[in-house]
Protein chains: 2
Amino acid sequence: MSLTITGLRGIPEIDRGADLGAVVVEAAAANGVPLTTDDVVVVTQKIVSKAEGAVVDVDPSDPLSHKPVVERESVRILRRRGELIISETRHGFVCANAGIDLSNMKRGQAALLPEDSDRSARRIRDRIRALTTAEVGVIVSDTFGRPWRRGLTDVALGCAGIGAILDLRGASDSLGRELHVTEVAVVDELAGAADLVCGKSEGVPVAVIRGVDHSWFRSSSVRAEIVRDPSEDLFR
Amino acid sequence: MSLTITGLRGIPEIDRGADLGAVVVEAAAANGVPLTTDDVVVVTQKIVSKAEGAVVDVDPSDPLSHKPVVERESVRILRRRGELIISETRHGFVCANAGIDLSNMKRGQAALLPEDSDRSARRIRDRIRALTTAEVGVIVSDTFGRPWRRGLTDVALGCAGIGAILDLRGASDSLGRELHVTEVAVVDELAGAADLVCGKSEGVPVAVIRGVDHSWFRSSSVRAEIVRDPSEDLFR
């Protein structure tokens, strides 16, 4: 099994109301990977938020002016240290500063997380299908920290058309023993893989992953499959 | 930028004392990706533990017989729920059951984490260089859960020849603003990407990732760069 991950260059600055499905279709063709059924398209959160207008004004002279927005976007504060707030957002994600950030934004603006990233992914997927007939998986990704390990990795905020979790419970391992629990968060591994080609400062906000097994494509959502209910979480 | 990830099929059952470097070199060639400088080789922990003899006997009739081993391999218990123990291992990892598991093991045996996975990666890297002259990066990966998000993902236990964290602090984003902190845990994203082709039950314990930027290759270790010191951790 072999996968190829291609970062799409040449995507223009995205404004509110942009047709992201059309942008992706055009960029994929221009980058030599015209979209086809069973491709996975990973779209970084920033351009989704920009297209959807999930942007707020902040005071560019005040480095803390986005903090009230962080509080407003949070339903539960888990930790504070200095200026850093780790909270549960109203979408159910646990991350720093409610996912709000200022990088790659115009001065005086900050991007919020999309209102419903699974819906954002579905809309992009539907638009791609309408334009090309290709049945692709779409993941909306963002960059989160994690406890216990330094460094950030990209994970999925939303998905459509690709299973969020691949459930190998009950499959046999190579020695014929029954595997009891191996639920792989493939959308997070796909989001992280895409980040390897998207980078943080090169203007490559979309990646196409080709070679994913057909059986992984199905109706799914990050909200339903990945977001852990606080009641079953040992660290909240 | 484009990456290709190839899972290596046909790797035989690994016994104690196996020459993993030679196994990887041979399997890469047999799978059509003979190793070359700037390839990244991701080796799953299980075969490293088997080759190093990091294996203990357990009572196959007692599903809890590995629990004393979990306690011995742990320096700090973070949470318990039912049979599940989340602990900090003596290597500094926070994971379930001290990383010990029974899948893909002979009945009556359990694999421990390698004694020093960075050293394991260095040995494999050195052996590959000796056999082929190729300067590759090597990652030893394992499958961990995480708080807040359901599902497991593969992360790096050890690395050699590839930077664990790519530090983009101070680089400019696409709008010319200074990025303040973007430390990407690329070894974890590479480990997760490899898991997409290795699967859990298909006997594909090694992947080759081709296309990684030359600048990412350097001396590094997971212990030094990824493992977060408890004093700077907000969730321990």
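See above for the structure.
Residues numbered from 1 in each chain as written. Chains lettered and ligands numbered in written order. Predicted model: local features only at pLDDT ≥ 70, side-chain atom pairs only at ≥ 80, totals over all residues.

Novice: Help me understand the pairing of strand S2 (residues 40–44) of chain A in this model?
Specialist: Two faces belong to every sheet, and in a regular strand the side chains alternate between them. All names here are of chain A. Of all 5 residues in S2, 5 are buried; the element is thus mostly enclosed. A two-sided burial pattern is seen for S2, the buried positions comprising Val40, Val42 and Thr44 on one face and Val41 and Val43 on the other. Bridge analysis of S2 against strand S8 (residues 137–144) gives 5 bridges, and the strand direction is parallel. Each residue of the ladder has a partner; that of Val41, found in S8, is Val138. Taken together, the 4 bridges between S2 and strand S12 (residues 206–210) define a ladder with antiparallel strand orientation. From the neighbouring strand, Val42 faces S12, where its bridge partner is Ala207. (Buried ≥ 20, exposed ≤ 12 C-beta atoms within 10 Å, placed from the backbone. Helix = DSSP H or I, 4+ residues; strand = E, 2+ residues; numbered from the N terminus. Pairing = 2+ DSSP bridges.)

Novice: Teacher, can you tell me more about unusual backbone geometry here?
Specialist: Note on backbone geometry: most residues besides glycine have negative phi, and most peptide bonds are trans. All names here are of chain B. Not every positive phi belongs to a glycine, and Asn97 is a case in point at roughly 50°. In this fold, Asn97 is placed in the loop between strand S6 (94–96) and strand S7 (109–111). Classification of Asn97 by C-beta neighbours within 10 Å gives buried; the count is 20. Residue Ala98 is not a glycine yet carries a positive backbone phi of 55°. Its 27 C-beta neighbours within 10 Å are what place Ala98 among the buried residues.

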